Amino acid sequence: MHPIHAPFPQGRFRRTRRTAALRDLTQETRLSPQDLIWPLFLREGEALREPIASMPGVNRLSLDLVVKAAAEARDLGIPAICLFPYTDPSLKTEDCREAWNPDNLTNRAIRAIKAAVPEIAVMTDVALDPYNSLGHDGLVRDGVILNDETLAALVRQALVQAEAGADIIGPSDMMDGRIGAIRAALESAGHKDVAILSYAAKYASAFYGPFRDAVGASGALKGDKKTYQMNPGNRDEALRLVARDLAEGADMVMVKPGMPYLDICRRVKDTFGAPTFAYQVSGEYAMIKGAALNGWIDGEKAMLESLLCFKRAGCDGILTYFAPDAARALQGL
Ligand code: PBG
């Protein structure tokens, strides 16, 4: 682009900012409910709405209420929801076998949602952490996270989710080779139309703290995830990971966390042109919500500004806990 602008006073940038109409007319990027994916936390039980202390306004929902939330998303024009289970500690093991139980909480939720609200796209998380007594996304032996052994487990987990009716599989584990392995397994099992949204550039981040509370993984996790999640200091590696995942059969890619990584979003979109998403993670939500609840910022304005900035940075959509509030605000509800 070669911007040309008349010098002052012929050129005055304030002309196009003078009224709301002129600002609307010249706005370069926009946010709409259709850009949003709403992450939801599941728990066992009925008619249960369990608050998460570090994420004010977000609750773990029993299946009946998750189905209602899916209908609410549809009514608000939100195209997709993403499911995360809170797993009872008694179901967590070192071999993580609950992950590929066809009747685990997530798979029951997928079936219930697809039966009641077939229009909504259901996305699932593929990683072992909700089911791992050691809290890691992969299998662990003697304190080491085992890449290749984990792939088989991830494939089993993805297949039962596809079988249950998931529209979008979201591998968030950061093992090498998972996208290719999952794509090949989906093809041979006849799930050729199931999409993969790869958590391609996922950083080892302090901003996941509240999420780990929400899914009950904080207590279990020993150590950190730095041997598989990315170093926040790296940029070129994110592009290499996205290239790799697209080449292995990912349909869409994600950068995570969101706001501190907008430079990565922009580079990924400009380099590959693939459908690109960012995850505005739990800690980002908690920061905005916490400041708003203290009266330090205007919560609604900060929420909408933060989400619009993802669009400006090149994202096609955003996973955000603000999804229903943002959709309501955008529709003037
Ligand atoms: C786990 C997973 C995490 C998130 C999504 N999937 C946490 C982690 O990697 O420890 C984080 C989401 C958030 O913080 O909102 N595979």
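Rules used in this analysis
Residues numbered from 1 in each chain as written. Predicted model: local features only at pLDDT ≥ 70, side-chain atom pairs only at ≥ 80, totals over all residues. Heavy atoms only, no water. 1 Å grid on protein atoms, 1.4 Å probe; cavity = no way out; pocket = protein on both sides within 12 Å on 5 of 7 lines; lining within 4 Å. Points joined across faces, edges and corners; volume = space filled by probe spheres on them. Helix = DSSP H or I, 4+ residues; strand = E, 2+ residues; numbered from the N terminus. Nonpolar A, V, L, I, M, F, W, Y, C, P; charged D, E, K, R; others polar. Buried < 20%, exposed > 50% of the residue type's maximum accessible area, 1.4 Å probe, protein only. Pairing = 2+ DSSP bridges.

Trainee: Help me understand empty space enclosed by the protein, please; the structure alone is not making it clear to me.
Mentor: In this approach a probe as big as a water molecule rolls over the atoms, and the regions it shows empty are the leftover space. In this structure the tally under the stated criterion is two cavities of 30 Å³ or more. A volume near 140 Å³ is recorded for the largest cavity. Along the wall of the largest cavity there are 20 residues; nearest its centre are Asp129, Lys202, Phe211, Lys225 and Lys256. Secondary-structure elements contributing two or more residues to the lining of the largest cavity are β9 (195-202) and α6 (209-214). A breakdown of the residues in the lining of the largest cavity according to their chemical character gives ten nonpolar, three polar and seven charged. Size it by volume and the second largest cavity reaches roughly 40 Å³. Around the second largest cavity, the lining residues are Leu83, Pro85, Thr106, Asp125, Ala127, Pro130, Tyr131, Gln157 and Gln161. Considered class by class, the residues forming the lining of the second largest cavity number five nonpolar, three polar and one charged.

Trainee: What is the right way to look at the pairing of strand β1 (residues 36-42) in this model?
Mentor: Within a regular strand, side chains alternate between the sheet's two faces. Burial analysis of β1 places seven of its seven residues in the buried class, which makes it a mostly covered element. Residues Leu36, Trp38, Leu40 and Leu42 line one face of β1 and the alternating positions Ile37, Pro39 and Phe41 line the opposite face, and both faces are buried. With two bridges joining them, β1 and strand β12 (residues 317-320) adopt parallel strand pairing. Within β12, the residue paired with Ile37 across the bridge is Leu319. In terms of strand pairing, β1 meets strand β4 (residues 80-85) through six bridges, oriented parallel. What sits directly across from Pro39, in β4, is Cys82.

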